[in-house]
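Results of the structural survey
The lines below spell out each chain.
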2 protein chains.
Amino acid sequence: MPDNTSAQHRQALATRLGAERVSWDDGTLAEHSRDYWSLSALRRMQGRQDNRPLCVVTPENTAQVSTLLEYANTQRIPVVPFGAGSGVCGAVLPDSRSIVVDLRGMNRILELNENSLYVRVQAGMMGGVFEAELNKAKYSARHFPQSIDVSTVGGWVATRAAGQYSTRYGNIEDILLGVEGVLPDGRIVSTRLGVRSAAGPDLRHVFLGAEGTMGIITEVTLRLVPLPETTVGYSFSFASMDAGLEAIRKIMRDGWRPPVVRLYDAIEAARLFPDVSDTTNALLLLLSEGPRGMTDAEVAGCSAICTENGGTSTGAGPVERWSHERNHVPGFDKFLERGLVLDTIEVASTWDRVGAMYREVVAAMQNVPGTLIASGHSSHSYAQGTNIYFTFVAKPEDPAGGEATYLACWAAAMEATLRCGGTIAHHHGIGRLRRDWMKEELGSSLEMLRALKRAIDPNGIMNPGVLIPD
Amino acid sequence: MPDNTSAQHRQALATRLGAERVSWDDGTLAEHSRDYWSLSALRRMQGRQDNRPLCVVTPENTAQVSTLLEYANTQRIPVVPFGAGSGVCGAVLPDSRSIVVDLRGMNRILELNENSLYVRVQAGMMGGVFEAELNKAKYSARHFPQSIDVSTVGGWVATRAAGQYSTRYGNIEDILLGVEGVLPDGRIVSTRLGVRSAAGPDLRHVFLGAEGTMGIITEVTLRLVPLPETTVGYSFSFASMDAGLEAIRKIMRDGWRPPVVRLYDAIEAARLFPDVSDTTNALLLLLSEGPRGMTDAEVAGCSAICTENGGTSTGAGPVERWSHERNHVPGFDKFLERGLVLDTIEVASTWDRVGAMYREVVAAMQNVPGTLIASGHSSHSYAQGTNIYFTFVAKPEDPAGGEATYLACWAAAMEATLRCGGTIAHHHGIGRLRRDWMKEELGSSLEMLRALKRAIDPNGIMNPGVLIPD
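These lines cover the structure that appears in this document, whether it is placed above or below. (Residues numbered from 1 in each chain as written. Chains lettered and ligands numbered in written order. Predicted model: local features only at pLDDT ≥ 70, side-chain atom pairs only at ≥ 80, totals over all residues. Heavy atoms only, no water.)

1. Regarding the side chain of S116 of chain B
Applicable threshold: What counts as a helix is a DSSP run of H or I of at least four residues, what counts as a strand is a run of E of at least two, and both are numbered from the N terminus. When a residue's accessible area, from a 1.4 Å probe over protein chains only, is under 20% of the maximum for its type it is buried; when over 50% it is exposed; and in between it is partly exposed. Each polar contact in these results corresponds to two N or O atoms within 3.5 Å; when the atoms are within protein, one needs to be able to donate a hydrogen and the other to accept it, and residues that are neighboring in sequence are counted only if both atoms are side-chain atoms. By definition in these notes, contact holds between two residues if any of their heavy atoms fall within 4.5 Å.
You can see S116 of chain B is positioned in the loop between β5 (109–113) and β6 (118–122). On the accessibility criterion, S116 of chain B (0% relative accessible area) is buried. Within the structure, the side chain of S116 of chain B is placed 3.2 Å from the backbone nitrogen of W351 of chain A, a separation counted as a polar contact. Each residue touching S116 of chain B, except ones within four places of it in the same chain, is listed here: T350, W351, D352, A383 and Q384 of chain A.

Next comes the structure, spelled out in structure tokens:
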């Protein structure tokens, strides 16, 4: 695209939205040229420049989002929605023709309904600020992704986020009651606030998990929970990951739903909780909360199952320690500077397959030349199965081979997961990183996703290159 | 369509599927010309004949469903999927060009996974037979629509059904883990069995609640629950519907989830439970189940809230009585023969609006000339709100005016519901009966439903006239 056309587009947007809403200075473009993908950090470390977008638009209301999408659609300009840029799968990588839409100017709570326990909030509000506002009124969304301080509420919906308290309170699809968004042609659409309805297909799902490929989320309505009366942390040590997984399975089977259920393998337990773990034992952290009678019954029920399944109580200490450090997101740079490549990979499977999946994924990553650490923990459980959140750290022999090593670890994990019948993404989304495995992930149902995309975004302007394989 | 073309289509289908799979005798056509819509019964009573379809196809496997849809799509023949015909909103009303697809030949359990608590079953299995098979293995789907003995598992998904134990176990969208279906062009699609996944939009929702407008559901995977260790029924009388609703709201707010939570207004309580109710009190039925510790805590927690909110215990008797009679579906005919028209109407709203909605809908139906009874109960509760399941009985002055009176009662209820911010359908679906109110129900989001329909069924062969307003 010749520069004068770029200039014309910038000017046209400034005319329509106000000059203060359209930026193309170097600093702003650089800040919006990537998300928190480990591979982007590695490439920068190796001196490779990110693409800079055409411009960054910062709307302050839904009408402006509509105006800019209508323009972009008419002009066939790619549009990349941007929350707080903390995605880890490369869902934000604009090219030089793209408009990046930073939604953080739309950051207000619009309605807090105490009687019916919901809150309407603009999509660009930061998660931590949002939760703090709710807490002031003695409420909580009970949605605690580790990224809560570096992500937006709209980003949670776009990526199908999961929080650390999901085992009781559900994932974002369970917490989301309604959504307002703008379709690529500029139409503003809003789903009815759903208590529950049998009025056709649930249209929230056009936006939920679409990673910006179907339009832009401008407002969400989320479930609230009153702050709990009591909270109890407790933990158990198990001789093996399999023994701990079996205890969780039985807890779920009996219908208990402690908000926090986290089982660390021996490597992670020894690293994170050295006071209670050596390098041979898996460690299970549990947290129950609610009215006292509910909490007491749940602690008793879950503790009995753990003991019956060979667990040894390790007290409240590990849960307190985890609570204190749970939102610490480590930076990649200090590892990359030492020639290490690393990432986390969250997948999920049914109970009958998850033990084998855990072992096979760890083994597959360890088989990649240069791998130093391959470990995992379970952190989101269901009656049917659980996730495993893997971590790998590798040091390629030749520092220039970092990208190849990184991609080899990912390929090893994805292929082992699919071989074991697991899903390739529990809650980080697909982005560009996992897109090539979506054919196997979705199988025959990929055609429905493609049909939906063609119907909603016939010109293909919304976040091209993400989620949906060619 | 000339008869020779009809004959050609029947012959073509018989050739492709086997003659034993295609029927057009009078009896079979008559059985498949309607569902359980009260208005269809009234019209028959008045001597108006239902349309007869072109033929009825009874596939025994998914490949045959694919073959017939591919043929119908090529020939532009309307297709009406048929479960057990117990829908109550007129979603089955074929015209003389239509192929009705009766799925009850696809009725086998394909996999029961005890470890991971799921069951794969063909869509045409009858609900009661399915649940009985699970019970033999000490499991349950915990999905108990009143229609369980006269509906299919695929029908539950197509209509977004709710069961009587939904307050703990959720509605069919919470119970459905995966779906196989056939798109209108014959493509067979299958979603991954979802523990939970962040791999794009949740494609189960293309079929969930689509009432046959997007394709034909051929197989579903549903959650299982082990049969509970303990069950406790208990009940409370309240001075008013509002007082009972407030008690339920507080139960939900504290996080208790008794499977059964049913609040009858004074009219229904006096009719159904005359031993504990007079005509002035609302009656709340509760049922808790699970491990003993969980049940004990829940009964204590819920009972305390009821007492604090003015409830008086009425013991286990009403719950036992309800349990005994809960699947009795009354026939319309004996009422119609007496010149009465009647129906049930289930809607839902948030807690802050549901009391007003209950009163306004009852008043609106009572205002229709000829109305004898207008009453309601709440039977599916959530932290954000609840449903109200209304009943009306009316006797038009002129017996020939039955249809007008019937439609006037429905219009009064729908308009009052929308005025109070409720959703027009909690769990019976839309069909033809409520289709005209879908514009107001969905508002701006209707365009997404239309786009989805065009994308999935561009020739419009799937159950035309249902769900989606013109």
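2. Observations concerning the relation of the copies chain A and chain B
This is how the line gets drawn: The copies were overlaid by least squares, fitting only the C-alpha atoms of residues that reach a pLDDT of 70 or more in each copy.
With an RMSD of 0.0 Å, the fit of chain A onto chain B corresponds to turning through 180° and sliding 0.0 Å along the axis. Taken together, the rotation and translation relating the two chain copies correspond to the operation of a two-fold axis. Scanning chain A for the C-alpha nearest the rotation axis identifies A455 of chain A, at a separation of 2.8 Å. Looking at chain A, 100% of its interface residues are interface residues in chain B too, so the copies touch through the same face.

3. A closer look at the side chain of K453 of chain B
Residues and elements named next belong to chain B. Residue position: K453 is located in helix α17 (residues 446–456). Residue class for K453 comes out buried when judged on its relative accessible area of 15%. Of note is the side chain of K453, whose polar atom sits 2.7 Å from the side chain of D457. Residues contacting K453, with those up to four places away along its chain left out, are T213, M214, P458, M462 and I468.

4. Details of the interface of chain A and chain B
Quick note on the threshold: Put simply, buried area is how much 1.4 Å-probe accessible surface two parts lose in total, over both of them, once they are put together. Counted as salt bridges are all cases of a side-chain nitrogen of Lys or Arg within 4 Å of a carboxyl oxygen of Asp or Glu.
At the junction of the two partners, chain A supplies 85 residues and chain B supplies 85 residues. Between chain A and chain B the total buried area reaches about 6400 Å² when both faces are included, carbon and sulfur atoms providing 59% of it. On the chain A side of the contact with chain B, R192, R196 and M448 of chain A bury the most area, a combined 14% of that side's loss. If you look at where chain A meets chain B, you find 6 salt bridges. Notably, a salt bridge pairs E447 of chain B with R187 of chain A, separated by 3.4 Å at the nearest N-O pair.

5. Considering the packing of helix α17 (residues 446–456) of chain A against α17 of chain B
Stated precisely, the cut-off is as follows: Axis geometry follows a simple rule: fit a line to the C-alpha atoms, using only the stretch in contact for helices, then measure angles between N-to-C directions, giving values from 0 to 180 degrees. Orientation is classified from the angle alone, with under 35 degrees giving roughly parallel, over 145 giving roughly antiparallel, 65 to 115 giving roughly perpendicular, and any other angle giving oblique. Crossings are assigned a handedness: left-handed for a near helix turned anticlockwise from the far helix by less than a right angle, right-handed for a clockwise turn. Under the scheme applied, nonpolar residues are Ala, Val, Leu, Ile, Met, Phe, Trp, Tyr, Cys and Pro; charged residues are Asp, Glu, Lys and Arg; polar residues are all the others, including Gly.
Relative orientation of the contacting elements α17 of chain A and α17 of chain B amounts to 125°, with a least axis distance of 9 Å. Taken together, α17 of chain A and α17 of chain B sit at an angle that is classed as oblique. Here the hand of the crossing between α17 of chain A and α17 of chain B comes out right-handed. Contact residues: A451, L452, A455 and I456 of chain A in α17 of chain A; A451, L452, A455 and I456 of chain B in α17 of chain B. Here the contact of α17 of chain A with α17 of chain B is composed, by residue class, of 8 nonpolar, no polar and no charged.

6. Digging into the nonpolar core
Looking at soluble globular proteins, one finds that nonpolar side chains tend to be buried together. To keep things clear, this is the line we draw: Residues belong to one nonpolar core when they are buried, are Ala, Val, Leu, Ile, Met, Phe, Trp, Tyr or Cys, and are joined through side-chain atoms within 4.5 Å.
Judged by nonpolar contacts, the single largest core of 247 residues is most densely connected at F130 of chain A together with F130 of chain B. Ignoring any residue separated from it by four or fewer positions in sequence, one finds F130 of chain B in contact with I109, V119, V121, M125, A141, V153, W156 and L222 of chain B.

7. Examining the packing of aromatic side chains
Rule in force here: Working definition: rings of Phe, Tyr and Trp (its six-membered ring) pair if their centres are within 6.5 Å, and the pair is stacked with planes under 30 degrees apart, edge-to-face with planes over 60 apart, and tilted otherwise. The rule for a charge over a ring is simple: NZ of Lys or CZ of Arg within 6 Å of the ring centre, and within 35 degrees of the ring normal.
Tallied over the full model, the rule gives 12 aromatic pairs over all chains. Measuring from ring centre to ring centre gives 6.2 Å for Y358 of chain B and F390 of chain B, while their planes differ by 10°; the resulting arrangement is stacked. Taken together, the residues Y358 of chain B in helix α14 (residues 351–366) and F390 of chain B in strand β18 (residues 385–394) connect sequence positions 32 residues apart. Pair check on accessibility: Y358 of chain B and F390 of chain B agree, each one buried. A cation sits over an aromatic face here: R326 of chain A above F144 of chain A, 4.8 Å from the ring centre.

8. A short note on the sheet that holds strand β1 (residues 22–23) of chain B
All names here are of chain B. We apply this condition: Being paired, for any two strands, means DSSP has found at least two bridges between them.
Spatial strand order, β1-β2-β4-β3: 4 strands in an open sheet with mixed pairing. Of all strands in the sheet, those with a lone pairing partner are β1 and β3 (79–82), marking the two edges. Judged from the 2 bridges that link them, β1 and strand β2 (residues 55–57) form a sheet pairing that is antiparallel. Considered in β2, the bridge of S23 is made with V56.

9. Section: the pattern of salt bridges
Residues and elements named next belong to chain B. The tally for this structure, following the rule as stated, stands at 49 salt bridges over all chains. With its nearest N and O atoms 2.8 Å apart, the salt bridge here joins E403 to R43. With a gap of 360 residues between them, E403 in helix α15 (residues 402–419) and R43 in helix α3 (residues 38–45) connect regions that are remote in the sequence. Two residues, K453 and D457, come together in a salt bridge whose shortest N-O distance is 2.7 Å.

10. Some thoughts on the pairing of β18 of chain B
Residues and elements named next belong to chain B. With 10 of 10 residues buried, β18 is to be regarded as a mostly interior element. In this structure, strand β16 (residues 341–350) lies alongside β18, joined through 10 bridges in antiparallel fashion. Note that in β18 the partner of L342 across the bridge is V393. Of the pairings in the sheet, the one linking strand β17 (residues 371–378) to β18 comprises 6 bridges and is antiparallel in character. Across the sheet, H377 pairs through a bridge with Y389, a residue of β18.

11. Observations regarding a nonpolar patch on the surface
Residue and element names in this part refer to chain A. Rules: The patch calculation keeps residues exceeding 30% relative accessible area without a salt bridge and links them within 9 Å when they carry like charges or within 5 Å when they are nonpolar (Val, Leu, Ile, Met, Phe, Trp, Tyr). Using a 1.4 Å probe, accessible areas were evaluated by the Shrake-Rupley method; residue-level cover was limited to the displayed protein chains.
A grouping of I267, L372 and I373 is seen on the molecular surface, where their side chains present a nonpolar patch of about 260 Å² in accessible area. Structurally, I267 is set in helix α10 (residues 266–272). Take I267: its relative accessible area is 41%, and that puts it in the partly exposed class.

12. Focus on helix α12 (residues 317–325) of chain A
Residues and elements named next belong to chain A. Stated precisely, the cut-off is as follows: Picture the helix axis, draw a direction to every C-beta atom, and the arc is the one those directions span.
If you check which residues of α12 are buried, you get P318, V319 and W322. Angularly, the buried residues of α12 cover 100° about the axis, an arc narrow enough to put them on a single face. Looking at α12, the residues exposed on the side facing more than 90 degrees away from the buried face are E320 and H324. Of the surrounding elements, those touching the buried residues of α12 are β12 (230–238), β13 (260–264) and β14 (282–290).

13. Side note on the sheet that holds β6 of chain B
All names here are of chain B. The strand order across the open sheet built from 5 strands is β5-β6-β10-β8-β9, with neighbouring strands paired in antiparallel fashion. Only two strands of the sheet have a single partner each, and these edge strands are β5 and β9 (188–190). Across the sheet, the mean angle separating the axes of adjacent strands is 10° when strand polarity is ignored. Judged from the 6 bridges that link them, strand β8 (residues 176–182) and strand β10 (residues 216–223) form a sheet pairing that is antiparallel. Paired with E180 across the two strands is E219, which belongs to β10.

14. Observations concerning helix α9 (residues 241–253) of chain B
Residue and element names in this part refer to chain B. To be explicit about the condition: One fewer than the residue count of a helix, multiplied by 1.5 Å, yields its expected span.
With 13 residues, α9 extends 18 Å between its outermost C-alpha atoms, agreeing within 8% with the 18 Å of an ideal straight helix rising 1.5 Å per residue. Along α9, the residues classified as buried are M241, G244, L245, A247, I248, R249, I251 and M252. Just downstream of α9 lies G255, where phi reads positive at about 95°.

15. A closer look at the environment of S98 of chain A
Residues and elements named next belong to chain A. Among the secondary structure elements, S98 is positioned in the loop between β3 (79–82) and β4 (99–102). Between the C-alpha atom of S98 and that of P78, which follows or precedes it by 20 residues, the distance is 4.7 Å. A polar contact of 2.8 Å, which involves the side chain of S98, links it to the side chain of D95.

16. Quick look at unusual backbone geometry
Here the phi dihedral of R142 of chain A falls at roughly 55°; this positive angle occurs in a residue that is not glycine. Not every positive phi belongs to a glycine, and E211 of chain B is a case in point at roughly 55°. Mapped onto the fold, E211 of chain B is located in the loop between β9 and β10.

17. Points about the environment of S66 of chain A
Residues and elements named next belong to chain A. Looking at the secondary structure, you find S66 in helix α4 (residues 62–75). Among the residues examined, S66 registers a relative accessible area of 12% and is labelled buried. Placed 121 residues apart in sequence, S66 and R187 show a C-alpha to C-alpha distance of 6.5 Å. Excluding anything up to four places from it in sequence, S66 contacts V182, G186 and I188. A distance of 2.5 Å separates a polar atom in the side chain of S66 from the backbone oxygen of G186.

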